[in-house]
Amino acid sequence: EPEVTQTPSHQVTQMGQEVILRCVPISNHLYFYWYRQILGQKVEFLVSFYNNEISEKSEIFDDQFSVERPDGSNFTLKIRSTKLEDSAMYFCASRPDNGANSPLHFGNGTRLTVT
Amino acid sequence: LAKTTQPISMDSYEGQEVNITCSHNNIATNDYITWYQQFPSQGPRFIIQGYKTKVTNEVASLFIPADRKSSTLSLPRVSLSDTAVYYCLVGDNGGYNKLIFGAGTRLAVHP
């Protein structure tokens with residue numbers, strides 16, 4: 001069964017550094033998402049992306065965050081200047097369309113630790 | 001916004017049937033109800049989805065009453081490996097570009 005893959009599985013960075021989290025969505029999917037989950041808390045929506053532009057974003061997704069689909073397979077999340085509170089699991093998800101009956105397929109996440 | 005309400009936690013024992021109910025009083029006409037399962041340090045995993053009445057797959061059943069204001073995920077004969085957090089989601093605001101997770105139900109299965 002095709003799956004969403006994320007790399008790296010764990011990223012450690014120093015405060016103020018830039019990080020890029022990478023995702024390869026399922027190949028025939030058209031809608032892409034980033035969510036994050038701070039340890040012990042719920043899964044939070046960050047951003048959705050379709051047709052090379054952002055569809056929706058949450059208040060968490062401020063100017064420090066950006067997303068890109070640089071080629072036909074990768075979908076990236078960049079944090080320009082990391083803060084301690086950015087430490088979390090970051091999950092990428094994709095779906096073939098945005099219909100109500102089209103479930104999200106999630107990757108297993110990147111654990112970001114900011115020191 | 002179609003907000004959902006679930007119990008924070010539930011306990012069960014191996015071999016029992018577990019029913020987790022989710023309330024979604026302001027569900028929209030076009031919304032589907034979707035359940036996800038999440039193990040620690042893993043991404044949420046799709047379990048089952050339905051619109052009305054009953055849906056069954058190899059993992060679970062989903063019961064949706066006629067008014068669709070609630071739904072019940074039924075896990076038959078749970079095992080220790082079913083210990084996880086279970087999330088109920090409905091489409092958000094008709095656009096389906098911003099699916100919001102609630103706090104979920106933390107299920108603990110005991111030997």
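Residues numbered from 1 in each chain as written. Chains lettered and ligands numbered in written order. Predicted model: local features only at pLDDT ≥ 70, side-chain atom pairs only at ≥ 80, totals over all residues. Heavy atoms only, no water.

### Some points on the overall build of chain B
What chain B contains, in helices and strands, is zero helices and nine strands. Along chain B, helices and strands appear, N-terminal first, in the series β-β-β-β-β-β-β-β-β. Structurally, chain B occupies a C-alpha span of about 40 × 30 × 20 Å along its principal axes. Within chain B, the fraction of its 111 residues that count as buried is 47%. Residue pairs in contact within chain B that sit at least 24 positions apart in sequence constitute 55% of those at least 6 positions apart. Measuring between centres, the 9 positive side-chain charges of chain B sit 7 Å from its 8 negative side-chain charges. (Helix = DSSP H or I, 4+ residues; strand = E, 2+ residues; numbered from the N terminus. Buried < 20%, exposed > 50% of the residue type's maximum accessible area, 1.4 Å probe, protein only. Contact = heavy atoms within 4.5 Å. Lys, Arg positive; Asp, Glu negative; His and termini not counted. Charge placed at Lys NZ, Arg CZ, Asp CG, Glu CD.)

### Topic: the confidence of the model for chain A
Considering every residue of chain A, the mean pLDDT works out to 93; 99% of them sit at 70 or more. Confidence, expressed as mean pLDDT per element, reaches its minimum in chain A at strand β6 (residues 53-57) of chain A with 92 and its maximum at strand β11 (residues 110-114) of chain A with 98. (pLDDT = per-residue confidence, 0-100.)

### Let's talk about the interface of chain B and chain A
In this complex, chain B contributes 22 residues to the contact, which on the side of chain A involves 24 residues. For the chain B and chain A pair, buried surface summed over both sides reaches about 1900 Å², with 55% attributable to carbon and sulfur atoms. Run the count over chain B and chain A and you get five residue pairs in polar contact (both at pLDDT 80 or more). Contributing elements (two or more residues each) for the side of chain B that touches chain A: β3 (33-38) and β4 (45-50) of chain B. Its residues assigned to classes, the side of chain B that touches chain A shows 10 nonpolar, 10 polar and two charged. (Buried area = accessible area lost by both parts, 1.4 Å probe. Polar contact = N/O pair within 3.5 Å; in protein donor to acceptor, adjacent residues only side chain to side chain. Nonpolar A, V, L, I, M, F, W, Y, C, P; charged D, E, K, R; others polar.)

### Examining the packing of aromatic side chains
Inspection of every chain in the model, using the stated rule, returns 15 aromatic pairs over all chains. For the ring pair Y35 of chain A and F101 of chain B, a centre distance of 5.6 Å and an interplane angle of 85° mean the geometry is edge-to-face. One end of the pair, Y35 of chain A, is in strand β4 (residues 31-37); the other, F101 of chain B, is in the loop between β8 (84-90) and β9 (105-110), on a second chain. Exposure remark for Y35 of chain A: the relative accessible area of 0% places this residue in the buried category. In this structure, R68 of chain B packs its charged tip against the face of Y51 of chain B, placed 3.9 Å from the ring centre. (Phe/Tyr/Trp six-rings, centres within 6.5 Å; stacked < 30°, edge-to-face > 60°. Lys NZ or Arg CZ within 6 Å of the ring centre and 35° of its normal.)

### So, the sheet that holds strand β1 (residues 5-7) of chain A
Residues and elements named next belong to chain A. With antiparallel pairing, four strands are arranged side by side in an open sheet as β1-β3-β8-β7. Bordering the open sheet on either side are β1 and β7 (65-68), each of which pairs with just one other strand. Neighbour-to-neighbour, the strand axes of this sheet turn through a mean angle of 20°, independent of strand direction. The pairing of β7 with strand β8 (residues 75-79) spans four bridges and is classified as antiparallel. By the bridge assignment for β8, V67 is matched with L77. (Pairing = 2+ DSSP bridges. Axes fitted to C-alpha atoms, helices over the stretch in contact; angles between N-to-C directions.)

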